[in-house]
Structure formats: C-alpha cells, structure tokens
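Tertiary structure, described
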There are 2 protein chains.
Amino acid sequence: MAASEEQEARIQVRTITDLARLAGVSPGTVSRALAGKSLVNTKTREKIEALAREHGFRPNQMASGLRRQKTGVIGVVIPLGHDIRQQISDSFFMTLLGFLADELTTHGYDLMLRRVVPDDDADWLDRFIGSGMIDGVIVIGQSDQFDRIEEVADGYRSMVVWGNHQEGQRHCVVGTDNRLGGRLAAERLIAGGARKLAFLGDTGPMEFAARFAGAQDVAARMGLPSVLPLVTHLSPDRASEEIAKHLAAHFTAQGRDIDGIFAATDTLAALCLTELRAQGLAVPDDVKLIGFDDLPIARQTIPPLTTVRQDIAAGARGLVDLLLRRLGGETTESLVLPPELVVRETA
Amino acid sequence: MAASEEQEARIQVRTITDLARLAGVSPGTVSRALAGKSLVNTKTREKIEALAREHGFRPNQMASGLRRQKTGVIGVVIPLGHDIRQQISDSFFMTLLGFLADELTTHGYDLMLRRVVPDDDADWLDRFIGSGMIDGVIVIGQSDQFDRIEEVADGYRSMVVWGNHQEGQRHCVVGTDNRLGGRLAAERLIAGGARKLAFLGDTGPMEFAARFAGAQDVAARMGLPSVLPLVTHLSPDRASEEIAKHLAAHFTAQGRDIDGIFAATDTLAALCLTELRAQGLAVPDDVKLIGFDDLPIARQTIPPLTTVRQDIAAGARGLVDLLLRRLGGETTESLVLPPELVVRETA
DNA sequence: ATTCCTGTTGCAAACGTTTGCAGGATGATT
DNA sequence: AATCATCCTGCAAACGTTTGCAACAGGAAT
C-alpha cells in the first residue's frame, strides 16, 4: 500500500488524463473539477484538487486555448518607425508598458510583447492578430502606420491603440489630447514673455505633429511668427549633437532667433537644457523651455523642468478597459485624456 | 468562372484544411508546403504559397504549438519583492527588457511578459513554466527568491536568470560582477580623498548586497571605518524624502559623518545629488558621489555622475544565447560580466 | 411498481496542426 | 516487361483540453 502510493507520487502527471487515472475518474470530470464548474460533486472535486496540488499539475494552456478558442493572452505591439533604436528605450513607452502589465495581470491576462519594424514587414499587424496566440491586441504608438491600422480595424474588433485621435478615424484610440497640450505649452511660454517660439523634435509621428500644431495654433492666434521646427532624432546619443547644432545656428553673436523652446518630450528637453547650459544660455532668463510627459527626469533637472503632464497610469487603465469591453462585444468610443501643465522653473 | 473565383476569394480561409480544399490537395501537403519542407513539389508549393498570401492565411500557432510541443515563446518574468511599485518603472530592468525583446525577436522567438508578486503567490515560477505556453523562461532579478529559483532549477533546465552569481549555485545566471563593481566604486571614492563612506540603497536584494560587500572589502582593506548603510526604498517618490532624512542626520552643524556616497543605482544617485544640492553641499568637494548602472540620466545630471557601468546589451545577449543553448540541450555555465568605472565629475 | 426528477459522471467529438507511414506516379535500369 | 529507386502526396493518428449529450444512480412522487 505504502509502496504503491510512493510509486503513484513518483509518476509524472502531466496531463489531465494522468490525473484522471489517479483519481479514478474520467478526464472530463477532472477538467470540470479544475475549472470549478458546479456540475461536479464536492467530494470528487476536493479529491481532484488535492491530487493536482500534490503533483503540481497545471493544465496545458495551449491545448486549452486551442479547444476554447481563446488564450488569455493580450498582444502588445510596438511598431518602430524610422527611429528604431530610440523607441524601445523610450522612457514613456516603457513606463506605459509597465502599467499595462500591471493592469492586464489584474484582469487575469498575460502579455505578449512584440516589437516590429513595419518597414521590413508590411504584414506586421495581421501576422500578430492571425497567429491565434492572442485574444486581442494593444498597439503602442501609431508611428507612421496610421493607415495600416485603420485598414485592420475595419475587419478586426479586438484592438485598441495608444496614440493621437483624429476626427473620424475608425480605430479605437486612447491618448492624450496632444494638440491641447501643445497649446498649453505655447501659452505658458508666451505668458512668460517669449515671442519667438521653436519646437524641438521630430514632427513626423502623429502625436508630435499634433503637439506642434497646438503650438502653432497659439502663435497664430497671438499674431506671432510661426513656430520654428528644430528637427532631431529621439535617441539621446544622436539628439545631443543635433540639438547643439540647432542652438549654435540660432543663437549667434548677431542675435537670437528663439526665446522659447517647446520640446516634444522631457527627454529631449533635458538634453536641450544641458546644451543650453553648455552654450552659456540661462534658463528661463534667456530662453524659456518646456517639455512633455512629466517623466521622473523632469523633476531632477536643474532647474526643474516645466512640462505638460500625461497621465500614463490612466492611459494604461483606459487601454485595458476599452479592450476588454471590446472583447465582450461592446462598441467603444476613443478615449482622449486631458494633458496638464506642470509649472516648475524652466518656463 | 469569374463568379466562382470571386466566391472563392470571399470564402474565409482560416484553417489549413480550408486552404487545402482551395488548392485541391490534402491538409498535410499544405502544412509541409508552408513549413518549407523539401518533400513537396515546387509547383505545388508555389501554388499553395500564392493562395495563402492571397487569402492572408496564417497557421494557428496554438494548434501548431500543441502538436509540436513547442511554442516559440520565451517567458520573461519579473519577480517583485518588497518594493513593488519601484521595479516595474525601474529604468534598468526596462532597458534590459527592451534589449531582450530585440534579441529574442532576432532569434525568432516571441516574448511573454509576466510580473509576479512572490509573496502573494508562492507558486509563481512553477505556474509559469508548467503552463505549456513557453519553451523557456528568463527571470529578471532574483529579488528575494534565490532559494525558490534554486529548487526549480534542479528540475527544469530551460531557465536563465539575471542576477548575482554566488559560489556553487545551481541555476544559470547572467549578471555583472557586483562585488567587483562595489570595489571599483569604493576605490575611486577613496582615491579622491573620501574616508567616511556610506552606501545608499536597499541592501536586501542580492545584487545590492554584493555591491555593498564590495565597498566593505575595500574599506576594510584600507583600514577605514566600515561603510555606513543608508537604507532607502527604490521608488523615486519615497526615496527622495528618505535620502533627505539621512543627509540631515549625517550632515549636522556638529560635523559630517560622511564624505563619500556610493549609491546602489544611478536613479538613487541622481536623487541624492538633488538633495545634496538642496542642503547646500557641494559635489564633489564636500561629498563625493558615485552611482551604478550608467543609465542615460548619469550623463545629464549636474555635475555629470561618475558611475559603474553595466553592459545591458551584452547582458541581454548573454541571457538569450545561454537560454537557447540550454533549449538545445547544452549545459551552460553562468556568465559574469565585468563592470566598468565611468569617471565623470562627481567622484 | 412505475415515472420522473436531480445531480453527477462518462463518452466521444471537437479545436487546427504536424508527421510517420504507406502508396501512387514517373522514369530509369535491367 | 519487370524491377527498382525517386518523388510526391494522402491518410490518419496524434498533441491535451473542453463540452454537448447520453446515461446512470438514487430518491421522490405518483
């Protein structure tokens, strides 16, 4: 008796069938017991649960997923546009990803992360969706793939995108009102006395384009010259020297073209601050500077950075909430979050 | 004819069987064709591939995974110890994660991310491994789970861990030589004239304990008083005030207990720098300060931070390389990476 | 004794792929 | 014409779960 029990314990129990044999019931019953269905006798269930615990048995998720046609996994995809190296280390996206992981876990979903380079692989989104591995997908950042995403959205409901909202778009998006954010920034710069504004960053990506446009709105409304775009890459290594060049070009012995800079992200703003200091320009006295995101770094620069805050946690909650509702069959509207001006000392 | 073709195109082709019907062959042949096996006639293959492209067909990964007993997915798990809120936004882990995503993608694997709170769920690692969803697992950070990881390693080969290496441990680990890093830091502080050293951070996690121990080694060898631990949480919000308190306690009107601070991470070092400045202490003249990691922020503080560099990209490469070799059946040794002192202006 | 619940279980067919094996062509060699 | 090797393809059995349906036991109601 003891011998046979020992032998039983030694037996590898990998499948529900193994466990069923041990418990002296059919596989179906084990499945129902483990799933907590009410149709199974309490004593049987307890016995099965005990055996499962004892042998450390876990049902195979692949098989379960195949049979039930759902996986309990949400795909999170980061499309990398032109500026490959940047995005992955981008603090903003990474922070968002962290919150997403939290939020999905809370709702019992796993997270499958995929980075794609759309240029190399036109099929990036379909491939992910069609793989059968995920119940739904969250796209982080529209990059330059707005049209592709729109197309896919027409035939696939279980998708939510982080990004910028455009009038009449068909895919469900969650994001900050970037244009309003741009307006807030420009207004603050101007209120501080700035008249010659510049926008630092890449105006290609939609979010940034909207921030730029917001600043333009204000400049136009106030009758100021239009905002000067200072184009840079986003990766810190390349951006530094690009910023230095821009500054050298616009702050010369003959004069200063710029007295207010709106940076597309806090990361760029921080770099810009360093460069301004290196070129002997005082912030905010000579130039006013304002960032975007309110990442932790904004509090640590010297002087601390005035910036436009995005509520990343709320964004993550929104993304997950909307996606789950879509999985449940609801039709959902996009969610536009309000930006908030955080006044510190650079503007 | 045209009508029937149109009808064909409209038909949803979800399964390999659908495609087989369209192509007029058996499912087996389609499977082989799509897998690129040599046993299938070139013309047949081309026809099948064309049809697959046309209908946007992708084989179901769940079914494939189930049948082949491998999924093409690597699990990445971040165990969160005491300090929950911190880790997920921790720049270091996030950067590592980014590189891991790159590296795994390059090798044709997908990445399944899971955050766990071991305190709530003693079973965290077995559950992930036993789910059948992943071919192998990378654990980012040992947290306080060293023993649990050791146990699991005895029965499961497809695991590699980022963390600290200990003499005689059984699990395969990749990580920086933290103790050596600690020594480098302390030596630099002392070479600059510091005699009363402090370690800023949590000495609980193994990596940090090793850094602390390294600093101790040097202090002892030089006959200096032992290194004073200044315990803080790692999340920026809590850490700031904790640091302020520590500083207030050790830099009083009566005198200064400390003239060299070794911070467990750059993030803490940057916060510390801010607090030192707030309390009117000059770096490096009054106090020398040195960080760990060489995150981007280290270059942007004022003055820029002297720190001990970890090669994160190499770490990610090592993790993936070792894991894949283990999947292939090899037995692998742990990989200990050398830290590198980066001298800037704070020490 | 018969009928009819109610609660619990077993049976077997899915889910969509992959793959060992056998078999059918085709052409080359005897 | 017979034999054989070479290619290619089809058949059917897996992979491990879930779940509709049928069946069975036991008890209550007729």
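Description of the structure in this document. Computed from a predicted structure; not experimentally measured. (Residues numbered from 1 in each chain as written. Chains lettered and ligands numbered in written order. Predicted model: local features only at pLDDT ≥ 70, side-chain atom pairs only at ≥ 80, totals over all residues. Heavy atoms only, no water.)

Some remarks on the interface of chain B and chain A
If you look at the interface, chain B gives 42 residues, while chain A gives 42 residues. Per-residue buried area on chain B facing chain A is highest for R58, M62 and Q300 of chain B; these three make up 18% of the total on that side. Seen at the junction of chain B and chain A, the total is 6 salt bridges. A salt bridge links R114 of chain A to D110 of chain B, with the nearest nitrogen and oxygen atoms 2.6 Å apart. Scanning the region where chain B abuts chain A turns up 12 residue pairs in polar contact (both at pLDDT 80 or more). Secondary-structure elements contributing two or more residues to the side of chain B that touches chain A are α5 (61-68), α6 (84-89), α7 (91-106), β2 (110-116), α8 (124-130), α13 (266-278) and α14 (297-300) of chain B. Examining the composition of the side of chain B that touches chain A, we find that 7 residues originate from one element, α7 of chain B, more than from any other. (Contact = heavy atoms within 4.5 Å. Buried area = accessible area lost by both parts, 1.4 Å probe. Salt bridge = Lys/Arg side-chain N within 4 Å of Asp/Glu carboxyl O. Polar contact = N/O pair within 3.5 Å; in protein donor to acceptor, adjacent residues only side chain to side chain. Helix = DSSP H or I, 4+ residues; strand = E, 2+ residues; numbered from the N terminus.)

Topic: the protein's contact with DNA strand D
Neighbouring residues of DNA strand D: 26 residues in total, closest I16, S31 and R67 of chain A together with S26 and T44 of chain B. The sugar-phosphate share of atoms of DNA strand D within 4 Å of the protein amounts to 67%. Contacts to DNA strand D include R14 of chain A, whose side-chain N or O atom sits 2.9 Å from a phosphate oxygen. Within the contact set of DNA strand D, a phosphate oxygen lies 2.6 Å away from a side-chain nitrogen or oxygen of S31 of chain A. Breaking the surface near DNA strand D down by element, the ones donating at least two residues are α3 (27-34) and α5 (61-68) of chain A together with α3 (27-34) and α5 of chain B. (Near = heavy atom within 4 Å.)

Observations concerning the relation of the copies chain B and chain A
For these two chain copies, the linking operation is a rotation about an axis paired with a shift along it. The transform that puts chain B on chain A rotates by 180 degrees and translates by 0.0 Å along the axis, for an RMSD of 0.1 Å. In symmetry terms, the pair is related by a two-fold rotation axis. Identified as the residue of chain B closest to the rotation axis by C-alpha distance is M112 of chain B, at 2.2 Å. A share of 100% of the interface residues of chain B reappears at the interface of chain A, consistent with the copies meeting face to face through the same patch. (Least-squares fit on C-alpha atoms with pLDDT ≥ 70 in both.)

A short note on unusual backbone geometry
Leave glycine aside and you will find that most residues have negative phi; peptide bonds, for their part, are mostly trans. Here the bond from I302 of chain A into P303 of chain A is cis, since omega is -10 degrees, no more than 30 degrees from zero. Topologically, P303 of chain A is positioned in the loop between α14 (297-300) and β12 (307-309). Note the cis peptide between V283 of chain B and P284 of chain B, where omega equals 5 degrees. On the secondary structure map, P284 of chain B appears in the loop between α13 and β11 (288-293). Non-glycine residue Q69 of chain A carries a positive phi angle of around 60 degrees. Using a relative accessible area of 56% as the deciding quantity, one classes Q69 of chain A as exposed. (Buried < 20%, exposed > 50% of the residue type's maximum accessible area, 1.4 Å probe, protein only.)

Observations concerning the packing of helix α2 (residues 16-23) of chain B against α3 of chain B
All names here are of chain B. It is the contact of α2 with α3, at a shortest axis distance of 8 Å, that shows an interaxial angle of 100 degrees. When the interaxial angle is binned, α2 and α3 end up roughly perpendicular. Contact residues: α2 offers I16, T17, L19 and A20, while α3 offers P27, V30, S31 and L34. Per-class residue counts for the contact of α2 with α3 are 6 nonpolar, 2 polar and no charged. (Axes fitted to C-alpha atoms, helices over the stretch in contact; angles between N-to-C directions. Parallel < 35°, antiparallel > 145°, perpendicular 65-115°, else oblique. Nonpolar A, V, L, I, M, F, W, Y, C, P; charged D, E, K, R; others polar.)

Structural notes on the protein's contact with DNA strand C
By nearness alone, 26 residues border DNA strand C, and S26 and T44 of chain A together with I16, S31 and R67 of chain B come closest of all. What you see for DNA strand C is that sugar and phosphate hold 67% of its atoms within 4 Å of the protein. Breaking the surface near DNA strand C down by element, the ones donating at least two residues are α3 and α5 of chain A together with α3 and α5 of chain B. The dominant element in the surface near DNA strand C, judged by the number of residues it contributes, is α5 of chain B, at 4 residues. Across the surface near DNA strand C, the residue classes break down as 8 nonpolar, 11 polar and 7 charged.

Observations regarding the pattern of salt bridges
Inspection of every chain in the model, using the stated rule, returns 34 salt bridges over all chains. With a shortest N-O distance of 2.6 Å, R148 of chain A and D126 of chain A are connected by a salt bridge. Pair noted here: R148 of chain A is in helix α9 (residues 146-155) and D126 of chain A is in helix α8 (residues 124-130), with a separation of 22 residues, a long-range link. For D217 of chain B, the salt bridge goes to R183 of chain B, with nearest N and O atoms at 2.8 Å. Linking D217 of chain B in helix α11 (residues 206-221) with R183 of chain B in helix α10 (residues 178-191), this pair joins segments that are 34 residues apart in sequence. Overall, the relative accessible area of 26% leaves R183 of chain B in the partly exposed class. Look at the salt bridges and you will find they share partners, linking D126, R148 and E151 of chain A into a network.

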